Each structure stands twice: as structure tokens, then as C-alpha cells.
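Given next are the chains, with one letter for each unit.
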Amino acid sequence: MWCLYRFTFDAKEVPDVQTRDLANAVHEFAEAVLGFFHGNGHWVAASARARNGAFEVWFNLPTLPLDPAFERFWAEQLAAHRLIATRVSGRS
């Protein structure tokens, strides 16, 4: 299932947000997530500009971040990249 996530930097960690820095951090995060699944899955940057300078990405992964092992990995990667992610929607 494809799910749309909106990413922003953690304002406490990154007070001066630069769009390019956010895009790079999200790209690195997404590649790490695919690495967790050994390349199974896909991610694509949303074509529409997100509100408030956020960066939106569509993920199609074998499992959602609700799986306990993946949930831990997802949280660790968000922290490592100083990101906050909000699930916006999902579709089959």
C-alpha cells in the first residue's frame, strides 16, 4: 500500500531550515528505510509542494511503521536525520 508522509526537521534540532538540507535528509532517510527491507519497496518524492516548507514522500513498503521491529528502526532513523514524519494518507 502506498502511504504519503510529510517530513520536517525537528525544530529543536535544526532551527534554520534550508529546503535543500531537508530534501537531502529525507532522501538519506528513505534510502535507509529501503535498506532495512533489502531493497524491497519504493519511495517517490511527491510532485506537489508541501505546506510550510515540508517535504512529502510516497512510500510503498512491505510493512508499515507499526511493525515493532520496523517501528524501532523508523524512529531511530528519524532521530538520526533529525526529522519528524507525519502520515498524511494511504491508498492501495
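Attention in this report is confined to the structure presented alongside it.

Procedures and definitions
Along each chain, the written sequence defines residue order, and numbers are assigned to residues from 1. Given that this is a predicted model, residues contribute local features only at a pLDDT of at least 70 and side-chain atom pairs are listed and counted only at 80 or more, while totals for whole chains, interfaces and linings are drawn from all residues. Only hydrogens and water are set aside; all other atoms, that is, all heavy atoms of the structure, feed into the side-chain values. Working definition: helices are DSSP H or I runs of at least four residues, strands are E runs of at least two. Numbering for both runs from the N terminus. Remark: exposure states derive from per-residue accessible area (1.4 Å probe, protein chains only) relative to the maximum for the residue type, with buried under 20%, exposed over 50%, and partly exposed in between. The criterion used for residue contact is that any of the two residues' heavy atoms lie within 4.5 Å. Salt bridge, as applied in this entry: a Lys or Arg side-chain nitrogen positioned within 4 Å of an Asp or Glu carboxyl oxygen. Note on terminology: a nonpolar core comprises buried Ala, Val, Leu, Ile, Met, Phe, Trp, Tyr and Cys residues joined through side-chain atoms within 4.5 Å.

### Looking at the side chain of His 81
- Positionally, His 81 belongs in the loop between helix H2 (68-80) and strand S4 (83-91).
- Judged by relative accessible area, which is 13%, His 81 ranks as buried.
- Apart from residues no more than four positions distant in its own chain, His 81 is found in contact with Phe 9, Ala 25, Glu 28 and Phe 29.

### What about the environment of Val 26?
- For Val 26, the position within the fold is in helix H1 (residues 19-36).
- For Val 26, a relative accessible area of 0% gives the class buried.
- Each C-alpha atom, one on Val 26 and one on Glu 56, is 8.9 Å from the other, the two residues being 30 residues apart in sequence.
- The residues contacting Val 26, other than those within four sequence positions of it, are Phe 7, Phe 55, Val 57 and Leu 83.

### Let's talk about the pattern of salt bridges
- One pass over the structure, following the stated rule, counts one salt bridge.
- Arg 6 is the partner of Glu 56 in a salt bridge, and the nearest nitrogen-oxygen pair spans 2.5 Å. You can see Glu 56 sitting in strand S3 (residues 55-60) and its partner Arg 6 sitting in strand S1 (residues 2-9), a full 50 residues away along the chain.

### Re the nonpolar core
- The biggest cluster of nonpolar side chains holds 21 residues, and the ones touching the most others in it are Phe 7, Phe 29, Val 33, Phe 59, Trp 74 and Leu 83.
- For this core, the secondary-structure elements that each account for two or more residues are S1, H1, S3 and H2.
- Ranked by residue count, the leading element in this core is H1, at seven residues.
- Aside from chain neighbours lying at most four places away, what touches Phe 59 is Met 1, Trp 2, Cys 3, Tyr 5, Phe 7, Phe 29, Ala 30, Val 33, His 42, Trp 43 and Trp 74.

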